[in-house]
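The chain contents come next:
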Amino acid sequence: MANDVWVYIEQKEGAVSPMSFELLGIGKAMAQDLGSNVCAFVIGDSVDAIAKEAIAYGASKVFVVEGPVYKNFLPDAYSKAANFLLDKYKPEVALFRATSQGTDVAAATAALLGFGLCTDTIGLKVEGGQVKMTRAAFGGNYMVTVVNEKAKPQIITVRPKSFAMPEKNDANQGEVVKESFTVAEADLNAKVLEFIKAATTVNLVEADIIVSGGRGLGKPEGFELLKQLADVLGGAVGASRAAVDSGWIPYEHQVGQTGKTVKPKIYIACGISGAIQHLAGMRTSDCIVAINKDPDAPIFKAATFGIVGDYAQIVPKLIEKFKAKLNK
Amino acid sequence: MKIVVCIKQVPDTEAEIKWDIPKGTLKRDAMEATITNPFDEFAIEEALLTRENYDGEIVAISMGPEKANDVLRNALALTVNQVYRLTDDAFAGSDTYATAYVLASAIKKIGDVDIVFTGKQSTDGNTGVVGAMLAAILGFSQLTYVSKIRSIDAGAKKIVVERAIEGGIEVVEAKLPAVVSVIKGINEPRLPNLMGIRKASKIPIPEWKAGDLGVDTAKVGSNGASTKVVEIAVPPPRGAGEILKGEVEDIANTLTEKLIEMKVIK
Ligand SMILES: Cc1cc2nc3c(=O)[nH]c(=O)nc-3n(C[C@H](O)[C@H](O)[C@H](O)COP(=O)(O)OP(=O)(O)OC[C@H]3O[C@@H](n4cnc5c(N)ncnc54)[C@H](O)[C@@H]3O)c2cc1C
Ligand SMILES: Nc1ncnc2c1ncn2[C@@H]1O[C@H](COP(=O)(O)O)[C@@H](O)[C@H]1O
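Residue numbers run consecutively from 1 along every chain, following the written order of its sequence. To read the labels, note that chains go from A and ligands from 1, taken in the order they are written. It should be noted that, the model being predicted, local features are given only for residues of pLDDT at least 70 and side-chain atom pairs only at 80 or more, the latter also being counted only at that level, while totals for whole chains, interfaces and linings use all residues. Excluded from the side-chain calculations are hydrogens and water; all other atoms, namely the structure's heavy atoms, are used.

Colleague: What exactly am I supposed to notice about the packing of aromatic side chains here?
Modeller: Two descriptors summarise a pair of aromatic rings, namely the distance from one centre to the other and the angle between the planes of the rings. Residues and elements named next belong to chain A. Only Phe, Tyr and Trp rings are paired, with Trp represented by its six-membered ring, and only when their centres lie within 6.5 Å; those with planes under 30 degrees apart are stacked, over 60 edge-to-face, the remainder tilted. What the rule picks out here adds up to 13 aromatic pairs over all chains. Between the aromatic rings of W6 and F41, the centroid separation amounts to 5.3 Å while the plane-to-plane angle is 50°, which identifies the pairing as tilted. Taken together, the residues W6 in strand β1 (residues 5-9) and F41 in strand β2 (residues 38-44) connect sequence positions 35 residues apart. For the pair W6 and F41, a shared accessibility class is recorded, and that class is buried. Ring centres of W6 and F63 lie 4.3 Å apart, and the angle between their planes is 20°; on these two criteria the pair is classed as stacked. Here the residue W6 occupies a position in strand β1, and F63 occupies one in strand β3 (residues 61-66), the gap between them amounting to 57 residues. A run of H or I in DSSP becomes a helix once it reaches four residues, and a run of E becomes a strand once it reaches two; helices and strands are each numbered from the N terminus. Burial status follows relative accessibility: with a 1.4 Å probe on protein chains alone, a residue under 20% of its type maximum counts as buried, one over 50% as exposed, and anything between as partly exposed.

Right under this line is the structure:
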């Protein structure tokens, strides 16, 4: 139907994580308000199992473009295929996760369709049949609400973890629609030579828990302590720019305006003052814990729980208590 | 090699931001302190390094009002060969597509371009999509989140880059021309020297208007923009948090309990 809500299902060489389906939840709520259906679309090589899973997560239909040229993610081939599907079915909305792949496909597809898009959305609602998207601007100092009046479909990227995961029900029924669209091998303008897995999986954007450190750690070894806490909690390690610039930890860990934007359930900031550029990257976290020895540090204004003190004394105590209470 | 670098003038994050509330756009001219978009400093540096390693010339372009001349002048001081400012009353209020469309039109006009460098994102617009949109409009290879250029073969028109994406580094070989959008950490941007600054201050900055670029004005500016800001709000403060007081032992007990209660930790 013309005002359906479509959700792009991100896959990499046939593999998906449950998070790939997260937008089917908000997509369904939007479709209800629009009086339409939520559908998924997948581009890849042999993605039957993924299509089935999308139905289990709530998609009423799944549109698939398949073929060996789509084995590796290539923005050019994927966006041409996405453009083909969206142009043919013209749904009202196409939702993408604001990950590297989601953003790459969403941006290029919007350009092929000739429309602007709304990125890194954290709020979505339908009012009087119109979709309203809310995003942070200027380091989270402002929230702007945007409408996309002319575009059809309206392309939207959504910050991961902004909406609840939908329930999975393997009994759900749905239809898989396969469309053939291909890009000639010779027309592909890129190829993936290899993927070098990070030694430490830094997937900050997906992490539910982040333990982050700043200049207040005083030395690179401070991050070893934070890593221990992160390990006990099953979380990832983040950092302020000052810590990255000091060479204590690689840039992939940087949170903030010029680093990553994260939205974990728990963000523990140790020895971070809370400059606006840092807050820009983490202020929408559900729960923020600040550990800082300066009671006037601005981070406390953003914190759910604050501890005034030396991280070097507090963090080991936290590790000890968590280990005891979680039986680890 | 012909290299283009796209640079944007953005408000200094420390400075006060002025909105034109009814229009939902920024009053760029009213804002005093502006800087080169931090990510674009890496784009300029990568262009300079590419010219050093593989020869060629660099053209820097910026779409924006008069003030954008400052960032172009800074690029000149860093020794880029040529700059153009893309400006027209019709461009005001452009959204991401319109911006990419205008920049793409300028890149076509420059002609025979091998590489276009952009930053990963602008710190004001913050959308992080203009690079990818440029690639799609121009039909160039789309190389985003680039953390390293491994090699360029100008003769064979090929480039190999590393992309820093979720979970690791993807090594991609692509055909030229390509749009390469760079992340922080790809290089250490140099500062202009005094001589460069002095020289740059005397160079007139040419302007390209919609007509010069053959841009369809119905597609740009606030008329062409499909996305519109309808509301600007200051987010509610996060609410005064709770400061946990007492001995380290007690604090640690309280905090761990509160966090475990949230049922997030497995
Ligand atoms: C254009 C631009 C972009 C930027 N982008 C980013 C970005 O993406 N991310 C980012 O983080 N920053 C960014 N910054 C930098 C930002 O402005 C701050 O300089 C930076 O966040 C400060 O890092 P910090 O909090 O670790 O260090 P500091 O501000 O030096 O704070 C250290 C804190 O540690 C506390 N402390 C010291 N010792 C201890 C101890 N033993 N125990 C507990 N606490 C202790 C101190 O009280 C202090 O509050 C950017 C700046 C600019 C201009
Ligand atoms: N008005 C502009 N003029 C020149 N380059 C721009 C402009 N807007 C965006 N860019 C480029 O596109 C990149 C991404 O910007 P954005 O999509 O706005 O976050 C920036 O880092 C710049 O390299």
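Read on for the rest.
Colleague: Quick question: what am I supposed to make of the site of ligand 2 here?
Modeller: Residue and element names in this part refer to chain B. Near is defined per residue: the residue qualifies when any heavy atom it owns lies within 4 Å of the molecule or strand. Around ligand 2 sit 19 residues, and of these C6, D40, S122, T127 and G128 come closest. Side-chain atoms alone can form a polar contact between residues adjacent in sequence; in general such a contact is a pair of N or O atoms within 3.5 Å, and within protein one must be able to donate a hydrogen while the other accepts it. The backbone of M63 places a nitrogen or oxygen atom 2.9 Å from a nitrogen atom of ligand 2. Against a free-state accessible area of 480 Å², the protein chains account for coverage of 97% of ligand 2. Contributions of two or more residues to the shell around ligand 2 are made by β6 (57-63), α3 (96-110) and β8 (115-119). With three residues, β6 is the largest single contributor of residues to the shell around ligand 2. Computed by Shrake-Rupley with a 1.4 Å probe, the accessible areas treat only the displayed protein chains as cover when residues are assessed.

Colleague: Just checking my understanding: could you explain the interface of chain A and chain B for this structure?
Modeller: Accessible area lost during the coming together of the parts is what is often quoted as the interface size. The contact criterion used throughout is that any non-hydrogen atoms of two residues lie within 4.5 Å. Counting residues at the interface gives 85 residues for chain A, matched by 80 residues for chain B. Here the buried area means the combined drop in accessible surface, using a 1.4 Å probe, for two parts upon being joined, counting both sides. When the two sides are added together, the surface that chain A and chain B hide from each other amounts to roughly 7100 Å², 60% of it contributed by carbon and sulfur. Any Lys or Arg side-chain nitrogen found within 4 Å of a carboxyl oxygen on Asp or Glu counts as a salt bridge. Taken together, the links from chain A to chain B amount to eight salt bridges. With a shortest N-O distance of 3.2 Å, E257(B) and K325(A) are connected by a salt bridge. Linking chain A with chain B are 31 residue pairs in polar contact (both at pLDDT 80 or more), by the criterion used here. Classification convention: Asp, Glu, Lys, Arg as charged; Ala, Val, Leu, Ile, Met, Phe, Trp, Tyr, Cys, Pro as nonpolar; all other residues, Gly among them, as polar. Here the residues of the side of chain A that touches chain B sort into 43 nonpolar, 22 polar and 20 charged. Of the pairings in the sheet, the one linking strand β8 (residues 142-148) of chain A to strand β14 (residues 227-233) of chain B comprises six bridges and is antiparallel in character. When the bridges of β14(B) are listed, M143(A) appears paired with A233(B). A pair of strands is treated as paired once DSSP finds two or more bridges between them.

Colleague: What is the right way to read helix α4 (residues 130-138) of chain B from this model?
Modeller: For an α-helix, the turn length of 3.6 residues means that residues three or four places apart are oriented alike. Residues and elements named next belong to chain B. Burial analysis of α4 places seven of its nine residues in the buried class, the great majority of the element. When we look at burial in α4, the residues that qualify are G131, A132, M133, L134, A135, A136 and L138. After α4 finishes, the residue G139 shows a positive phi value of roughly 75°.

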